[in-house]
Amino acid sequence: MCPVPPACPEPKYRGPLHCLATVAREEGLCGLYKGSSALVLRDGHSFATYFLSYAVLCEWLSPAGHSRPDVPGVLVAGGCAGVLAWAVATPMDVIKSRLQADGQGQRRYRGLLHCMVTSVREEGPRVLFKGLVLNCCRAFPVNMVVFVAYEAVLRLARGLLT
């Protein structure tokens, strides 16, 4: 006879609104913003890297005499821009996720810096790049499509304006 697998625990939240209400009730309004400082630090330089690298790569990949790259150039530039952005964003994304999950049970971190120092001390500097490979594998094709759509909308808008 096969052993019966253990039953799945009942989920804590019944949906997004229940989650919002529960977190607000249990942790107060500040609980809704856990990890936001890491999110701000993650997104500022990540988006700068994203759009700057896309613009530079488009310039490099544009055929001679053209101001914009062709579709394969946009695909490569978009994919690479997404990967570079995640390479820059991943350390703060790891810290953000840890801060957001902190408190399910006993609070472990006093803040962003404490979380970063504790994580690196306990797991080494590589902890800041957990998930980078997976993020990059996802980011390349996603951002290829994002920037092809972006360029198509730009061309359509230019056509409508002229």
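Please read these numbers as outputs of a predicted model, since none were measured by experiment. (Residues numbered from 1 in each chain as written. Predicted model: local features only at pLDDT ≥ 70, side-chain atom pairs only at ≥ 80, totals over all residues. Heavy atoms only, no water.)

Caption draft 1: Quick peek at the overall build of the chain. Within the chain, the regular secondary structure consists of 5 helices and 0 strands. Helices and strands in the chain line up, N terminus first, as α-α-α-α-α. Projecting the C-alpha coordinates of the chain onto the three principal axes gives extents of approximately 65 × 45 × 40 Å. Counting over 162 residues, the chain shows a buried share of 30%. (Helix = DSSP H or I, 4+ residues; strand = E, 2+ residues; numbered from the N terminus. Buried < 20%, exposed > 50% of the residue type's maximum accessible area, 1.4 Å probe, protein only.)

Caption draft 2: Helix 4 (residues 112-123), seen in detail. Taking 1.5 Å as the rise per residue, helix 4 with 12 residues should run 16 Å; its terminal C-alpha atoms sit 16 Å apart, in good agreement. If you check which residues of helix 4 are buried, you get Leu112, Cys115, Thr118 and Ser119. Buried residues in helix 4, looked at end-on, bunch into an arc of 140°, giving them a common side. Exposed residues pointing more than 90 degrees away from the buried face of helix 4 are listed as Leu113 and Arg121. (Expected span 1.5 Å × (residues − 1). Arc of directions from axis to C-beta.)

Caption draft 3: Here's a closer look at the packing of aromatic side chains. Evaluation of the coordinates by the stated rule reveals 8 aromatic pairs. Plain terms: the ring middles of Phe47 and Phe51 are 6.3 Å apart, the flat faces sit at 20° to each other, and that makes the pair stacked. Placement of the pair is Phe47 and Phe51 together in helix 2 (residues 36-61), with a separation of 4 residues, close to one helical turn. Three or more aromatic residues joined by ring pairs make a cluster, and in this case those are Phe47, Tyr50, Phe51, Tyr54, Phe147 and Tyr150. (Phe/Tyr/Trp six-rings, centres within 6.5 Å; stacked < 30°, edge-to-face > 60°.)

Caption draft 4: Layout of a nonpolar patch on the surface. Residues Leu17, Leu20, Leu29, Leu32 and Tyr33 make up a contiguous nonpolar surface patch of about 570 Å² in total accessible area. Along the chain, the position of Leu32 falls in the loop between helix 1 (16-27) and helix 2. (Patch = residues over 30% accessible without salt bridge, like charges linked within 9 Å, V, L, I, M, F, W, Y side chains within 5 Å. Areas by Shrake-Rupley, 256 points an atom, 1.4 Å probe, with all protein chains shown as cover. Salt bridge = Lys/Arg side-chain N within 4 Å of Asp/Glu carboxyl O.)

Caption draft 5: Focus on helix 2. The end-to-end C-alpha distance of helix 2, which contains 26 residues, comes to 36 Å, matching closely the 38 Å that a straight helix rising 1.5 Å per residue would cover. On the buried face of helix 2, the contacting elements are helix 3 (71-101), helix 4 and helix 5 (132-161). (Contact = heavy atoms within 4.5 Å.)

Caption draft 6: Broad picture of the side chain of Thr118. Structurally, Thr118 is set in helix 4. Assessed through its relative accessible area of 9%, Thr118 is described here as buried. Excluding residues that lie within four positions of it along the chain, Thr118 makes contacts with Arg108 and Tyr109.

Caption draft 7: Focus on the domain arrangement of the chain. Split into domains, the chain comes out as domain 1 (35-130) and domain 2 (132-161). When each unit is reduced to the centre of its C-alpha atoms, the spacing between domain 1 and domain 2 is 17 Å. Across the boundary between the two partners, domain 1 contributes 20 residues, which contact 14 residues of domain 2. In this assembly, domain 1 packs against domain 2 so that about 1,500 Å² is buried in total across both faces, 69% of it on carbon and sulfur atoms. In this structure, the connection of domain 1 to domain 2 is made through 1 salt bridge. Close ionic contact of Arg68 with Glu151 constitutes a salt bridge, the shortest N to O distance being 2.6 Å. (Domains from an automatic or database assignment. Buried area = accessible area lost by both parts, 1.4 Å probe.)

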